[in-house]
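# Observations on the model geometry
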Amino acid sequence: MMREVSDRTPGGETLVTLKGAGVNRGGRWLVRGVDFSVRRGEIVTLIGPNGSGKSTSAKMAIGVVRPDEGAVARVPGLKVGYVPQKLSIDWTLPLTVRRLMTLTGPLPEREIAAALDATGIRHMEKAEVQTLSGGEFQRALMARAIARKPDLLVLDEPVQGVDFSGEIALYELIRKIRAEQGCGILLISHDLHVVMAETDTVICLNGHVCCRGTPHAVSASEEYLRLFGPTAARALAVYSHNHDHVHLPDGRVQHADGSITEHCHPDDGHHHDHDHEPHRDHAHTGEDRHA
Ligand SMILES: Nc1ncnc2c1ncn2[C@@H]1O[C@H](COP(=O)(O)OP(=O)(O)OP(=O)(O)O)[C@@H](O)[C@H]1O
């Protein structure tokens, strides 16, 4: 069962652009040739297996990590709201949701209230963050990130540790934040199959950009429907592709026929644009992991 998702071509200004960006550590390319941009009002989702360079690419986008090759351009004065994958919080100290909001700087009372309202956790203002559920904690982190009205909101694995219904609710919240705040959103997901239907562009990384496209086709595999039901299928899209080459740790590329080249071939199987071709094949084999 497939559902066409309407074309979304947000016309907002481009907030950040990566062109052929790569990061090298100790002679190893963590990611290479990363090209994408995020515009105001646009949701871009980075997907890929663990270690495929999603966080590294997001960090290049916001300027936390400098590219060793290629270029990253941000609009001057870009305000970034960042929800990292891991937070170094001293969990032995008491910390209320409200205090979490102002840890890195003061905020006007009304902005705190508005952010807590927007994320649906105003009633938890006085709760200790240690007592929050996974979904509530993610909401608290999102409240903190949106309170300063960022132009670009970067969410690294926002649904980690959240059950499926919580995941849907968080995606709904992200959709609402985009609609109400009009910021650009860069979303990271290690889930290879499921991305937000509202995503304008999916970028699949595996040490490089494997492919990109609009999740035109919202698929509902039998297994997925059986597990999560039709409501979930309406809220989520499946984005899939096949890989035919492997990126070696030194940045070179080994092809299906065993040959090794410096870069991918432009016509390699997984370098296609999905905008116009709904796929039903959800297989994502382990072969695309780093060797
Ligand atoms: N500062 C660093 N020095 C050396 N290697 C690093 C550094 N940061 C990240 N890496 C490595 O780079 C690769 C990409 O890491 P990154 O965190 O970007 O991947 P990811 O796609 O976000 O993974 P995950 O889904 O596990 O969060 C990994 O192999 C990681 O171990």
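Residues numbered from 1 in each chain as written. Predicted model: local features only at pLDDT ≥ 70, side-chain atom pairs only at ≥ 80, totals over all residues.

The name recorded for the chain in an unreviewed UniProt entry is Metal ABC transporter ATP-binding protein, from Ectorhizobium quercum. Heading Sequence similarities (unreviewed entry) of the UniProt record for the chain holds this comment: "Belongs to the ABC transporter superfamily." (UniProt positions renumbered as here; feature names shortened; annotations may be inferred.)

Turning next to the overall build of the chain. The helix and strand tally for the chain stands at six helices and 16 strands. A buried classification covers 40% of the 291 residues belonging to the chain. When contacts within the chain are restricted to residue pairs at least 6 apart in sequence, long-range pairs at least 24 apart make up 73% of them. (Helix = DSSP H or I, 4+ residues; strand = E, 2+ residues; numbered from the N terminus. Buried ≥ 20, exposed ≤ 12 C-beta atoms within 10 Å, placed from the backbone. Contact = placed C-beta atoms within 7 Å.)

Looking now at the sheet that holds strand β3 (residues 28-39). As summarised here, the arrangement of the three strands in space is β3-β2-β5, forming an open sheet in which the pairing is antiparallel. With partners counted over all chains shown, the strands left at the sheet margins are β3 and β5 (69-74), one partner each. Adjacent strand axes in the sheet meet at a mean angle of 15°, parallel and antiparallel pairs treated alike. Pairing of strand β2 (residues 14-25) with β3 involves eight bridges; the strand directions are antiparallel. Its bridge partner being in β3, Val16 is matched across the sheet by Val38. Most of the contacts of helix α1 (residues 54-62) go to β2, to which it runs at about 125°, and overall it touches β2, β3 and β5. (Pairing = 2+ DSSP bridges. Axes fitted to C-alpha atoms, helices over the stretch in contact; angles between N-to-C directions.)

Our focus in this paragraph is helix α3 (residues 109-118). Within the span of α3, buried status applies to Ile112, Ala115 and Leu116. Seen end-on, α3 carries its buried residues on one side only, within an arc spanning 95°. Structural note: α3 exposes Arg110 and Asp117 on the side pointing more than 90 degrees away from its buried face. Lining the buried residues of α3 we find α2 (97-101) and α4 (134-146). Just beyond α3, the residue with positive phi is Gly120, at close to 75°. (Arc of directions from axis to C-beta.)

Take the domain arrangement of the chain next. According to the domain assignment, the chain consists of domain 1 (2-79 + 152-158 + 184-288) and domain 2 (80-149). Of the residues lining the interface, 11 residues belong to domain 1; the matching set on domain 2 comes to 11 residues. The set of elements that each furnish at least two residues to the side of domain 1 that touches domain 2 consists of α1 and β7 (152-156). It is β7 that provides the largest number of residues to the side of domain 1 that touches domain 2, a total of five residues. Broken down by class, the residue content of the side of domain 1 that touches domain 2 amounts to seven nonpolar, one polar and three charged. (Domains from an automatic or database assignment. Nonpolar A, V, L, I, M, F, W, Y, C, P; charged D, E, K, R; others polar.)

Core analysis: the biggest nonpolar cluster contains 56 residues, and Ala143, Leu152, Leu153 and Leu186 have the highest contact counts within it. Per-element tally for this core: the top contributor is α4, with seven residues. Composition of this core by domain shows at least three residues from each of domain 1 (2-79 + 152-158 + 184-288) and domain 2 (80-149). Among all residues touching Leu153, those that are not within four sequence positions of it are Gly81, Ala145, Ile146, Ile177, Cys183 and Ile185. (Core = buried A, V, L, I, M, F, W, Y, C linked by C-beta atoms within 7 Å.)

With that out of the way, let us pick up the site of the ligand. Taken together, 12 residues form the shell around the ligand, and within it Leu30, Asn50, Lys54, Ser55 and Thr56 come nearest. The biggest single contributor to the shell around the ligand is α1, with three residues. Here the shell around the ligand is composed, by residue class, of one nonpolar, nine polar and two charged. (Near = placed C-beta within 6 Å.)

Located in the positive-phi region is Lys149, a residue other than glycine, with phi close to 50°. Mapped onto the elements, Lys149 comes out in the loop between α4 and β7. On the basis of neighbour count, Lys149 is assigned to the partly exposed category, with 14 C-beta atoms found within 10 Å.

Bringing α4 into the picture now. Every α-helical turn comprises 3.6 residues, leaving residues that sit three or four positions apart pointing alike. Helix length check: α4, at 13 residues, gives a terminal C-alpha distance of 18 Å against a target of 18 Å (1.5 Å per residue), a fit within 8%. In terms of residue burial, α4 counts as a mostly covered element, since 11 of its 13 residues are buried. Turning to α4, its buried residues are Gly135, Phe137, Gln138, Arg139, Ala140, Leu141, Met142, Ala143, Arg144, Ala145 and Ile146. (Expected span 1.5 Å × (residues − 1).)

Okay, the environment of Phe137 next. Mapped onto the fold, Phe137 is located in helix α4. Owing to 21 C-beta atoms within 10 Å, Phe137 belongs among the buried residues under this scheme. Here the alpha-carbon distance between Phe137 and Ile121, two residues 16 residues apart in the chain, equals 9.5 Å.

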